[in-house]
Amino acid sequence: VIYVQGDDFNLAEGWEEWSGIIRYLVALAFVSVGLEFLLYPHLGTYALMKAYQHKATVVPGQVLSCEPKVLMYEVTLLYTTQAHKYEDNPRMRFRYPNAFEEKRFLRRLEAKHQAPRGTTIEVLVLPKNARSGLTREMVERMIASHSHFRTVLILVPGILLTLFIAWMAVSKAGNMENPQVAYIVLSVVCAVILSVGHVMAHGRFEREKQRRFFSANAQKIKQQGTKNEPLLVIEGIHV
C-alpha cells in the first residue's frame, strides 16, 4: 500500500510539473492557429489576384445577363478558352496530356458597374485552369481592397504574443527536473502545432478558392433560331 501511495504522489508531482508546459502549449496552439486562419485567406487571396495580373491569359467574355444586387451587380458571363478534353478525369489527363480543345464556360460574378447584355468584357484565365475565369475589374478591385495595414496590425501583435508564450514555456522547461527532455518535448509539440495549423488553414483556403474563383461551369451551346435571330441554349435555359 505504501508503494502505491508513493507512486500516486510521484504521478501527482509529475503532473504538477508538466501542467505549466501544457498550459503554455494550449495557449500557443490557440494563438498560432488563430493567426493562420486570420491571415492565410487574406494573404492567399492577394497572392492569387497578383497571379491573375501577371500570369493569366486574357480572353473575351460575353455578358448574358446583369442583375442588380445590394451595392453591386451580378453578371453572367460566357467565355471561350483552351481546356483539357478530360479536365475532370485525372487518369485520362495523365494519359493524354496534350488533349486540349476549345470549351465554353459560364460564370456568375459580382461587378461594380452595370454591363448590358451582349457587352464584351475582358476575362482573365489562369494557366491550366480553364474554370478560373475572372473579370479584370474584379481582380483589380480585390487587389485594391487588400490592406497592408490590417495585415501588420494582426501580424505584429500575434508574433509578439507567440514569442512571449514560447519564451515563458522555455523558461518553465528550464526549471524542470529534466530540462533536456522538456526542451525536446516542447520543440516537437510546437512543430506539430505550427504544421497542423498551417495545413488546416491551407486546406480551408483551397476549398474556398475552388468555390469562389475556380467554379466556372462548362457549357454545351447550340445555335437555334434564324440566321438573323440566333438563340443561345444553356442547360435548357434560353438566353
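This text follows the structure it describes.
Below: a short report on this structure. (Residues numbered from 1 in each chain as written. Predicted model: local features only at pLDDT ≥ 70, side-chain atom pairs only at ≥ 80, totals over all residues. Heavy atoms only, no water.)

1. Structural notes on the packing of helix 4 (residues 148–174) against helix 5 (residues 179–212)
Right, so step 1: Axis separation between helix 4 and helix 5 bottoms out at 8 Å; the angle between their running directions is 150°. By the criterion of interaxial angle, the relationship of helix 4 to helix 5 is roughly antiparallel. Judged by residue contacts, Ala-169, Val-170, Ala-173 and Gly-174 of helix 4 engage Pro-179, Ala-182, Tyr-183 and Leu-186 from helix 5.
Right, so step 2: In the contact of helix 4 with helix 5, the residues fall into seven nonpolar, one polar and no charged. (Axes fitted to C-alpha atoms, helices over the stretch in contact; angles between N-to-C directions. Helix = DSSP H or I, 4+ residues; strand = E, 2+ residues; numbered from the N terminus. Parallel < 35°, antiparallel > 145°, perpendicular 65-115°, else oblique. Contact = heavy atoms within 4.5 Å. Nonpolar A, V, L, I, M, F, W, Y, C, P; charged D, E, K, R; others polar.)

2. Overview of a nonpolar patch on the surface
Right, so step 1: Judged by side-chain polarity, Val-152, Leu-155, Val-156, Ile-159, Leu-160 and Leu-163 come together as a nonpolar surface patch covering roughly 510 Å² of accessible area.
Right, so step 2: Relative to the helices and strands, Leu-160 resides in helix 4. (Patch = residues over 30% accessible without salt bridge, like charges linked within 9 Å, V, L, I, M, F, W, Y side chains within 5 Å. Areas by Shrake-Rupley, 256 points an atom, 1.4 Å probe, with all protein chains shown as cover. Salt bridge = Lys/Arg side-chain N within 4 Å of Asp/Glu carboxyl O.)

3. Side note on the environment of Ala-27
Right, so step 1: As for its placement among the helices and strands, Ala-27 is situated in helix 1 (residues 2–55).
Right, so step 2: For Ala-27, a relative accessible area of 28% corresponds to the partly exposed category.
Right, so step 3: Ala-27 sits 139 residues away from Ala-166 along the chain, and the two C-alpha atoms are 9.5 Å apart. (Buried < 20%, exposed > 50% of the residue type's maximum accessible area, 1.4 Å probe, protein only.)

4. Quick word on helix 3 (residues 136–145)
A turn of α-helix holds 3.6 residues, and therefore any two residues three or four places apart point the same way.
Right, so step 1: Taken residue by residue, helix 3 has Met-138, Val-139, Met-142 and Ile-143 as its buried positions. Down the axis of helix 3, the buried side of the element spans an arc of 130°, and every buried residue falls inside it. Exposed side of helix 3, more than 90 degrees from the buried face: Ala-144 and Ser-145 are the residues found there. (Arc of directions from axis to C-beta.)

5. Quick look at the layout of surface pockets
Right, so step 1: Of the voids in this model, the largest pocket is the one considered here, and its volume is about 310 Å³.
Right, so step 2: Those elements giving two or more residues to the lining of the largest pocket turn out to be strand 3 (100–111), helix 3 and helix 5.
Right, so step 3: When residues of the lining of the largest pocket are assigned to their parent elements, the largest contribution, five residues, is made by strand 3.
Right, so step 4: Taken together, the residues of the lining of the largest pocket sort by class into four nonpolar, two polar and eight charged. (1 Å grid on protein atoms, 1.4 Å probe; cavity = no way out; pocket = protein on both sides within 12 Å on 5 of 7 lines; lining within 4 Å. Points joined across faces, edges and corners; volume = space filled by probe spheres on them.)

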